[in-house]
Amino acid sequence: MEENKVALVTGASRGIGRAIAMRLAAAGYDVAVNYNSNEEEANKVVSAITALGRRAIAVKANAGDRGDVNAMFRTVVKELGRIDVLVNNAGVVDDAFLLMLSPDSLDRSLNINVKGYFYCAQAATLKMFKARRGAIINISSVSSLMALPGQSVYAATKGAINSMTATLARELAPYGIRVNAIAPGFIATDMVAHLPEEKIKEYLTQIPLGRLGKVEEVADLAAFLASDEASYITGQTLVIDGGLSL
Ligand code: NAP
């Protein structure tokens, strides 16, 4: 009998990452639940996945730290045996007008949102090469496709991810590895809850479907991209934003 497939989802203690981890578990994957600081929430996700009859582990790692990332992949392979799907999801947003931007904030965003995606993609690919199959899903943002004041750094990090996705798709296709990105609009998570209420109301007027997205809607798309049903899709950035960017 074939071993269970294994997915690693970064930033899976909360928000979109948690929903993707749960959705992949429902699709039959064993799941490594990465978190940075919120061990309690990560353990709750692990319990919810094991209640579905799948294996799961919580792995603490700062996705923006290469040493942490490599140690995380060693743990995942030791505990769960393989890596079939990587979801690069851990990300931060630190809105600031250009002249208010601090060097620390800039470094943090670039480290987590860009370098972290590369560190994880490298480590996952090392495993996927041998299996000659795999799927990498990068969570980008609609901010990479439309200009939102205050988000120059965030937009630049997510734009980098769209470009990285397309180029890696070409590099890795000969090895059976597909690479795609998802660009969500405004999804109801802690990240959006931090926005002022007036700002959310203003954005709602610009979303044709008239509401924020649900984490489960993004998770369904991630599960599709991970699956064999998406076997001919690679290098794409798929927008899920209720029409916001139209
Ligand atoms: P969230 O609710 O703020 O959750 C962030 C998750 O990332 C948490 O699990 C957090 O772990 C983890 N994390 C943060 N920094 C990390 C690090 N250095 N290393 C490892 N994990 C880290 O965020 P979200 O809204 O679900 O966003 C998830 C992804 O979707 C991000 O890439 C974001 O840019 C993208 N996105 C979100 C929206 C939206 O509207 N929400 C829209 C477009 C794109 P801890 O719990 O341990 O802190």
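The structure presented is a predicted model; accordingly, all values stated were derived computationally and were not measured.

A. Focus on the sheet that holds strand β5 (residues 134-139). Read across the sheet, 7 strands follow the order β3-β2-β1-β4-β5-β6-β7 without closing on themselves; strand pairing throughout is parallel. In the strand order of this sheet, the two ends are held by β3 (56-60) and β7 (237-240), each with one partner. Each strand axis lies, on average, 20° off the axis of its neighbour in the sheet, ignoring direction. For strand β4 (residues 85-88) and β5, the ladder comprises 4 bridges, and the chain directions are parallel. The residue of β5 that forms the bridge with Val-87 is Ile-137. This element, helix α3 (residues 66-80), spans β1 (6-9), β2 (30-35), β3 and β4 of the sheet and lies at about 165° to β3.

B. Examining the site of the ligand more closely. Near the ligand there are 33 residues, and of these Ser-13, Ser-37, Asn-89, Tyr-154 and Thr-189 occur at the shortest range. In the environment of the ligand, an oxygen atom lies 2.9 Å from a nitrogen or oxygen atom belonging to the backbone of Asn-36. In this structure, an oxygen atom belonging to the ligand sits 2.5 Å away from a side-chain N or O atom of Thr-189. Protein burial of the ligand: of its 890 Å² of free accessible surface, 95% is covered by the chains. Going through the elements one at a time, α1 (15-26), β2, α4 (103-131), α5 (152-172) and α6 (190-193) are the ones with two or more residues in the shell around the ligand.

C. Geometry of the pattern of salt bridges. Applying the stated criterion across every chain, the model contains 11 salt bridges. One salt bridge connects Arg-54 with Asp-30, and the closest N-O pair in it is separated by 3.5 Å. Here Asp-30 lies in strand β2 and Arg-54 lies in the loop between α2 (39-51) and β3, a separation of 24 residues in the sequence. The residue Asp-30 makes a salt bridge to Arg-55 at a minimum N-O spacing of 3.0 Å. Of this pair, Asp-30 sits in strand β2 while Arg-55 sits in the loop between α2 and β3, and the two are 25 residues apart along the sequence.

D. Broad picture of α5. When the terminal C-alpha atoms of α5 are compared, their 30 Å separation across 21 residues agrees well with the 30 Å that a helix rising 1.5 Å per residue should span. Val-153, Tyr-154, Ala-155, Thr-157, Lys-158, Ile-161, Asn-162, Met-164, Thr-165, Leu-168, Ala-169 and Leu-172 are the residues of α5 that are buried. Looking at the buried positions of α5, the neighbouring elements they touch are α4, β5, β6 (177-184), α6 and β7.

E. Local environment of the environment of Val-114. Considering the arrangement of structural elements, one finds Val-114 in helix α4. Exposure remark for Val-114: the relative accessible area of 13% places this residue in the buried category. Considered as a pair, Val-114 and Thr-157 are 43 residues apart in the sequence and their alpha carbons are 5.8 Å apart. Aside from chain neighbours lying at most four places away, what touches Val-114 is Ser-109, Thr-157, Ala-160 and Ile-161.

F. Highlighting the nonpolar core. Counting residues in hydrophobic clusters, the biggest one holds 63 residues, and the most contacted among them are Ile-20, Leu-24, Phe-73, Val-76 and Ile-182. Sort the elements by how many residues they give to this core and helix α8 (residues 215-226) lands first, with 8 residues. Excluding residues within four positions of it along the chain, Val-76 makes contact with Val-6, Leu-8, Ala-32, Ile-57, Val-59, Gly-81, Arg-82 and Ile-83. Of all hydrophobic cores here, the second largest spans 10 residues; its members include Met-146, Leu-148, Val-192 and Leu-195.

Rules used throughout
In this numbering scheme, every chain counts its residues from 1 along its sequence in written order. Since the coordinates come from a predicted model, pLDDT governs what is reported: local features require at least 70, and pairs of side-chain atoms require 80 or more to be given and counted, while whole-chain, interface and lining totals use all residues. Side-chain measures were taken over the full set of non-hydrogen atoms in the model, leaving aside hydrogen atoms and water. A pair of strands counts as paired when DSSP detects no fewer than two bridges linking them. Segments assigned H or I by DSSP are reported as helices when at least four residues long, segments assigned E as strands when at least two residues long, and all are numbered from the N terminus. To obtain each axis, a line is fitted to C-alpha atoms, and for helices this fit is confined to the stretch in contact; angles are then taken between N-to-C directions over 0 to 180 degrees. Whether two residues touch is decided by their heavy atoms; if any such pair falls within 4.5 Å, the residues are in contact. Any residue with a non-hydrogen atom lying within 4 Å of a molecule or strand is treated as near it. What qualifies as a polar contact is a pair of N or O atoms within 3.5 Å, subject to a donor-acceptor requirement within protein and to the restriction that residues adjacent in sequence count only when both atoms come from side chains. Values of accessible area rely on a 1.4 Å probe in the Shrake-Rupley scheme; residue burial ignores everything except the protein chains shown. One side-chain nitrogen of Lys or Arg within 4 Å of one carboxyl oxygen of Asp or Glu is enough to make a salt bridge. The span you would expect from a helix comes to 1.5 Å times its residue count less one. We call a residue buried when its accessible area falls under 20% of the maximum for its residue type, exposed when it is over 50%, and partly exposed in between, using a 1.4 Å probe and counting protein chains only. Only buried Ala, Val, Leu, Ile, Met, Phe, Trp, Tyr and Cys residues count toward a nonpolar core, and they belong to the same one when joined by side-chain atoms within 4.5 Å.

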